[in-house]
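Chain by chain, the residues:
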Protein chains: 2
Amino acid sequence: MTYELYYWSGIQGRGEFVRLALEDAGADYVDVAALPTGDEKLMTFIERGDLVRPPFAPPFLREGDLVIAQTAAILMYLGNRLGQSSQEETERLWVHQIQLTIADVVGEAHDAHHPIGAHLYYEDQKAESLRRAMDFCRHRIPKYLGWFERILSRNPQGDAYLVGANATYADLSLFQLVEGLLYAFPKATQRALVKAPGVAALHERIAARRRIREYIESGRRTPFNEQGIFRHYAELDS
Amino acid sequence: MTYELYYWSGIQGRGEFVRLALEDAGADYVDVAALPTGDEKLMTFIERGDLVRPPFAPPFLREGDLVIAQTAAILMYLGNRLGQSSQEETERLWVHQIQLTIADVVGEAHDAHHPIGAHLYYEDQKAESLRRAMDFCRHRIPKYLGWFERILSRNPQGDAYLVGANATYADLSLFQLVEGLLYAFPKATQRALVKAPGVAALHERIAARRRIREYIESGRRTPFNEQGIFRHYAELDS
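Rules used in this analysis
- Residues numbered from 1 in each chain as written.
- Chains lettered and ligands numbered in written order.
- Predicted model: local features only at pLDDT ≥ 70, side-chain atom pairs only at ≥ 80, totals over all residues.
- Heavy atoms only, no water.
- Patch = residues over 30% accessible without salt bridge, like charges linked within 9 Å, V, L, I, M, F, W, Y side chains within 5 Å.
- Areas by Shrake-Rupley, 256 points an atom, 1.4 Å probe, with all protein chains shown as cover.
- Salt bridge = Lys/Arg side-chain N within 4 Å of Asp/Glu carboxyl O.
- Lys, Arg positive; Asp, Glu negative; His and termini not counted.
- Charge placed at Lys NZ, Arg CZ, Asp CG, Glu CD.
- Helix = DSSP H or I, 4+ residues; strand = E, 2+ residues; numbered from the N terminus.
- Buried < 20%, exposed > 50% of the residue type's maximum accessible area, 1.4 Å probe, protein only.
- Pairing = 2+ DSSP bridges.
- Axes fitted to C-alpha atoms, helices over the stretch in contact; angles between N-to-C directions.
- Contact = heavy atoms within 4.5 Å.
- Buried area = accessible area lost by both parts, 1.4 Å probe.
- Polar contact = N/O pair within 3.5 Å; in protein donor to acceptor, adjacent residues only side chain to side chain.
- Nonpolar A, V, L, I, M, F, W, Y, C, P; charged D, E, K, R; others polar.
- Domains from an automatic or database assignment.
- Core = buried A, V, L, I, M, F, W, Y, C linked by side-chain atoms within 4.5 Å.
- Arc of directions from axis to C-beta.
- Parallel < 35°, antiparallel > 145°, perpendicular 65-115°, else oblique.
- Left-handed = near helix turned anticlockwise from the far one by under 90°.

K.L.:
Would you take a moment to explain a positive patch on the surface for this structure?
P.N.:
All names here are of chain A. A contiguous patch of positive charge, built from Arg138, Lys187, Arg191 and Lys195, is present on the exposed surface. By the element assignment, Lys187 lies in helix H7 (residues 186–194). Lys187 sits in the exposed class, given a relative accessible area of 57%.

K.L.:
Explain the sheet that holds strand S4 (residues 66–69) of chain B here, please?
P.N.:
Sheet strands pair via backbone hydrogen bonds, and the direction of the pair is either parallel or antiparallel. Residue and element names in this part refer to chain B. Read across the sheet, four strands follow the order S2-S1-S3-S4 without closing on themselves; strand pairing throughout is mixed. Both edges of this open sheet fall to strand S2 (29–31) and S4, since each of them pairs with a single strand only. Neighbouring strand axes in the sheet, compared pairwise and without regard to direction, differ in orientation by 20° on average. By the bridge criterion, four bridges tie strand S3 (residues 60–63) to S4 in an arrangement that is antiparallel. Paired with Phe60 across the strands is Ala69, a residue of S4. Packing of helix H2 (residues 38–46) onto the sheet brings it into contact with strand S1 (3–6), S3 and S4, and relative to S3 it is tilted by some 80°. Each of S1, S3 and S4 is contacted by helix H3 (residues 71–82), which is oriented at about 125° to S4, the strand it contacts most.

K.L.:
Any chance you could explain the interface of chain B and chain A here in plain terms?
P.N.:
Accessible area lost when the parts come together is the quantity often used to give the size of an interface. At the junction of the two partners, chain B supplies 52 residues and chain A supplies 51 residues. Across the chain B/chain A interface, buried area totals approximately 4,400 Å², and carbon plus sulfur atoms make up 56% of it. Along the contact surface separating chain B from chain A lie six salt bridges. Our count for the chain B to chain A interface comes out at 28 residue pairs in polar contact (both at pLDDT 80 or more). For the side of chain B that touches chain A, the secondary-structure elements that each account for two or more residues are S4, H3, helix H4 (89–113) and helix H5 (126–154) of chain B. Of the residues belonging to the side of chain B that touches chain A, the class tally is 24 nonpolar, twelve polar and 16 charged.

K.L.:
How should I be thinking about the domain arrangement of chain A in this particular structure?
P.N.:
Residue and element names in this part refer to chain A. Its domain assignment divides chain A into domain 1 (3–82) and domain 2 (89–236). Each partner contributes to the roughly 2,100 Å² buried at the junction of domain 1 and domain 2, and carbon and sulfur atoms together form 61% of this total. Of all residues in domain 1, Gln12, Phe17 and Asp24 bury the most surface against domain 2, accounting for 31% of the area lost on that side. Applying the counting criterion to the domain 1 and domain 2 interface returns three salt bridges. Across the salt bridge formed by Glu16 and Arg221, the nearest N and O atoms sit 2.9 Å from each other. Here domain 1 and domain 2 share nine residue pairs in polar contact (both at pLDDT 80 or more) between them.

K.L.:
Hey, could you run me through the nonpolar core in this one?
P.N.:
Looking at soluble globular proteins, one finds that nonpolar side chains tend to be buried together. In terms of nonpolar packing, the biggest core is built from 138 residues, with A:Phe148, A:Phe185, B:Phe148 and B:Phe185 touching the most fellow members. The residues touching B:Phe185, leaving out its near neighbours within four places in the chain, are B:Ala112, B:Ala133, B:Phe136, B:Cys137, B:Ile141, B:Leu236 and B:Asp237.

K.L.:
Whenever I open this one, H7(A) confuses me. Can you help?
P.N.:
Three or four residues apart is the spacing at which side chains of an α-helix point the same way, because the helix has 3.6 residues per turn. All names here are of chain A. Along H7, the residues that are buried comprise Ala188, Thr189, Ala192 and Leu193. Buried residues of H7, seen end-on, are gathered within an arc of 130° and therefore sit on one face of the element. Exposed and oriented more than 90 degrees from the buried face of H7 are Lys187 and Val194. Looking at the buried positions of H7, the neighbouring elements they touch are helix H5 (126–154), helix H6 (169–184) and helix H8 (197–207).

K.L.:
Looking at this structure, I do not really get the environment of B:Glu128. What am I missing?
P.N.:
Mapped onto the elements of the fold, B:Glu128 is located in helix H5. C-alpha separation for the pair B:Glu128 and B:Gly107, spaced 21 residues apart in sequence, amounts to 16 Å. When neighbours within four sequence positions are excluded, B:Glu128 is seen to be in contact with A:Ile116, A:Glu128, A:Arg131, B:Pro115 and B:Ile116.

K.L.:
Is there a simple way to think about the packing of helix H1 (residues 15–25) of chain A against helix H9 (residues 210–217) of chain A in this case?
P.N.:
Packed helix pairs are specified by the crossing angle of their axes together with the interaxial distance, meaning the distance between the axes. All names here are of chain A. Across the interface, H1 lies against H9 with an axial gap of 8 Å and an inter-helix angle of 120°. The orientation of H1 with respect to H9, classified from their angle, is oblique. Note that H1 runs across H9; the crossing there is right-handed. Where H1 approaches H9, its residues Glu16, Arg19, Leu20, Glu23, Asp24 and Ala25 are matched on the opposing element by Arg211, Ile212 and Tyr215. When the residues that make up the contact of H1 with H9 are grouped by side-chain class, the tally is four nonpolar, no polar and five charged.

K.L.:
Mind showing me how you'd approach the sheet that holds strand S4 (residues 66–69) of chain A here?
P.N.:
Residues and elements named next belong to chain A. Within the open sheet, the four strands sit side by side as S2-S1-S3-S4. Their pairing is mixed. Pairing within the sheet leaves two strands with one partner each, and these edge strands are strand S2 (29–31) and S4. Each strand axis lies, on average, 20° off the axis of its neighbour in the sheet, ignoring direction. Pairing of strand S1 (residues 3–6) with strand S3 (residues 60–63) involves three bridges; the strand directions are antiparallel.

K.L.:
Mind showing me how you'd approach the pattern of salt bridges here?
P.N.:
Side-chain pairing between opposite charges can occur once the charged atoms of the two side chains come close. Tallied over the entire structure, the rule returns 30 salt bridges over all chains. Residues A:Asp111 and A:Arg132 are paired through a salt bridge, measuring 4.0 Å at the closest nitrogen-oxygen approach. With A:Asp111 in helix H4 (residues 89–113) and A:Arg132 in helix H5, this residue pair connects regions lying 21 residues apart in the sequence. A:Arg132 carries the same exposure label as A:Asp111, and that label is buried. Here B:Lys126 ties to B:Glu235 by a salt bridge, and the two come within 3.7 Å at their closest N and O atoms. On the criterion of sequence distance, the pair formed by B:Lys126 in helix H5 and B:Glu235 in the segment after helix H9 (210–217) is long-range, its members being 109 residues apart. In this structure B:Lys126 comes out as partly exposed when scored by relative accessible area, which is 37%. Residue B:Glu235 is classed as partly exposed on the basis of its relative accessible area of 37%. Counted as one network, the salt bridges with shared partners bring together A:Glu16, A:Arg19, A:Asp31, A:Glu179 and A:Arg221.

In structure tokens form, the structure reads like this:
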């Protein structure tokens, strides 16, 4: 069955975490955002009155009649099918727990430039962003990356991946998180990565995976920009 | 096996979502926050160097050697064991997807009084809170409650519960979310509930469940206060 990934066009956003999982698995999927009328299709679909499980927001995945929203839930579902999780229940839950923590960082990275409200422009909350981003750069990024480093160092099967001996969707997402943080807050993130060498190595390891490299080199990956979650405003990187 | 729930004492916070699931199921559990040295036990545990799966933050659940953090992950785990989820995989995922959206609202409810940083006092970010809370009250609460209302109205098995014909952990959490919002933002929440009568009815339905009622009347439930996630500052309720 072909998967359909629905997300906004023009940004990586939360959809990119799902896209990386699909790409790394070589899964057969339609990237609705890449279609000429992708955003329209998304809006038409989400507003359908006959959806028993309506998504609150994109991204969402369709597989036949099945519709799943919430990035972490999509990845859990795909992970079991694409071989990007564990076979063992409590280890699956551990992968998911890590993913939920990545989702928390992503939310905070967004709020660093939108601390007041998502529907307002950055320019209308710039003073507040300066304060929030300082907290994010000085306290939150190091704390989160330190936790990922700790997990890697304690993995009984080695520090190459977060869980077990192979890459899971959580590793792909941590790669994307580091990519996004490096784009948005290069100074703060480089500083934090010095103290989290295992995370930095994992980031390189995932970037070197054949299908991830092919995807990035394909030109299909939307570049980071100032419409997405990870935005580079030099004044916020401290 | 006895469950141990670790969370900070003195507040309901995210721990209360887990507590309500354990209470409603009549599960055998130790509420570490209720012990005289609960916070100390929590700190000692989380700092252990031998934890292969260290929690990033409380709440976390222990069951023998198993340690699970992230509220939604804990509830998914417990839900399967306590009969508070579905037997069917995609329906389980739907319950979880709803829970993740509840977690998003909880995060936003927290940030309404802490838009700049969790480690700063409210008083040091009051101006920013006034702006953020206005957005939360006027746009986000109605949008989220409207989505829960839509789910209830589209449930093929009736609008008594979010998923299927019985209460799941998502229903218990939605009860707690409404409780928290009514405490923190009574005016905005009452206004939104008028347009979400199914959510208001679900809130009453869960409150009337025997074990939930007994728990609330037991005096064991920590009252809402201005240290937790749901804080009532009259100036923020608009």
